[in-house]
Amino acid sequence: MANSAQSKKRARQAVRRTDVNKARRSRIRTFLRTLEEAIESGDKAAAQEALRAAQPELMRGVTKGILHKNTASRKMSRLAARVKSIG
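Residues numbered from 1 in each chain as written. Predicted model: local features only at pLDDT ≥ 70, side-chain atom pairs only at ≥ 80, totals over all residues. Heavy atoms only, no water.

## A short note on helix α2 (residues 44-63)
Argument step 1. With 20 residues, α2 extends 29 Å from end C-alpha to end C-alpha; this agrees with the ideal 28 Å at 1.5 Å per step.
Argument step 2. Along α2, the residues classified as buried are Ala-47, Ala-50, Leu-51, Ala-54, Glu-57, Leu-58, Gly-61 and Val-62.
Argument step 3. Buried residues along α2 sit against α1 (5-41) and α3 (69-84).
Argument step 4. The N-cap residue of α2 is Asp-43: its side-chain oxygen and the backbone nitrogen of Ala-45 are 3.4 Å apart. (Helix = DSSP H or I, 4+ residues; strand = E, 2+ residues; numbered from the N terminus. Expected span 1.5 Å × (residues − 1). Buried < 20%, exposed > 50% of the residue type's maximum accessible area, 1.4 Å probe, protein only. Contact = heavy atoms within 4.5 Å. Polar contact = N/O pair within 3.5 Å; in protein donor to acceptor, adjacent residues only side chain to side chain.)

## Here's the deal with the nonpolar core
In summary, soluble globular proteins display a tendency toward joint burial of nonpolar side chains.
Argument step 1. Counting residues in each nonpolar core, the largest one holds 15 residues, and the members touching the most others are Leu-32, Leu-35, Ile-39, Ala-47, Leu-51, Leu-79 and Val-83.
Argument step 2. Mapped onto this core, the elements with two or more residues apiece are α1, α2 and α3. (Core = buried A, V, L, I, M, F, W, Y, C linked by side-chain atoms within 4.5 Å.)

## Considering the pattern of salt bridges
Close approach of charged atoms allows side chains of opposite charge to pair.
Argument step 1. A full pass over the atoms with the stated rule returns 5 salt bridges.
Argument step 2. Salt-bridge contacts for Glu-36 lead to Arg-82; the nearest nitrogen and oxygen are separated by 2.9 Å. Here Glu-36, found in helix α1, pairs with Arg-82, found in helix α3; they are 46 residues apart in sequence, far enough to count as distant.
Argument step 3. Taking the shortest distance from any N to any O, the salt bridge between Glu-40 and Arg-82 comes out at 3.8 Å. Of the two residues, Glu-40 sits in helix α1 while Arg-82 sits in helix α3, which places them 42 residues apart along the sequence.
Argument step 4. According to the relative accessible area criterion, Arg-82 is partly exposed, its value standing at 31%.
Argument step 5. The network of salt bridges with common partners includes Arg-27, Glu-57 and Arg-60. (Salt bridge = Lys/Arg side-chain N within 4 Å of Asp/Glu carboxyl O.)

## Let's talk about the environment of Gln-48
Argument step 1. Positionally, Gln-48 belongs in helix α2.
Argument step 2. Spatially, the C-alpha atom of Gln-48 lies 8.4 Å from that of Lys-84, the residues being 36 residues apart in sequence.

This is the structure in structure tokens:
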């Protein structure tokens, strides 16, 4: 349990940051899910559009500290390859 004023404030900030990060992670996952569905359907145009929408979200996750840069790059590379291989 936080005792000093500083540690109480840090605990409040941690709760706030956790909520923000959770929302950001959820938003990224939603974009990736949309892309996965487009890939599964076999619609190349929709998949390319979803990839264009998902890419900035992934990179924003990197700048906000949600994802590691290499993780996001790896995901983008693999997703782009899957989109390219459609049809």
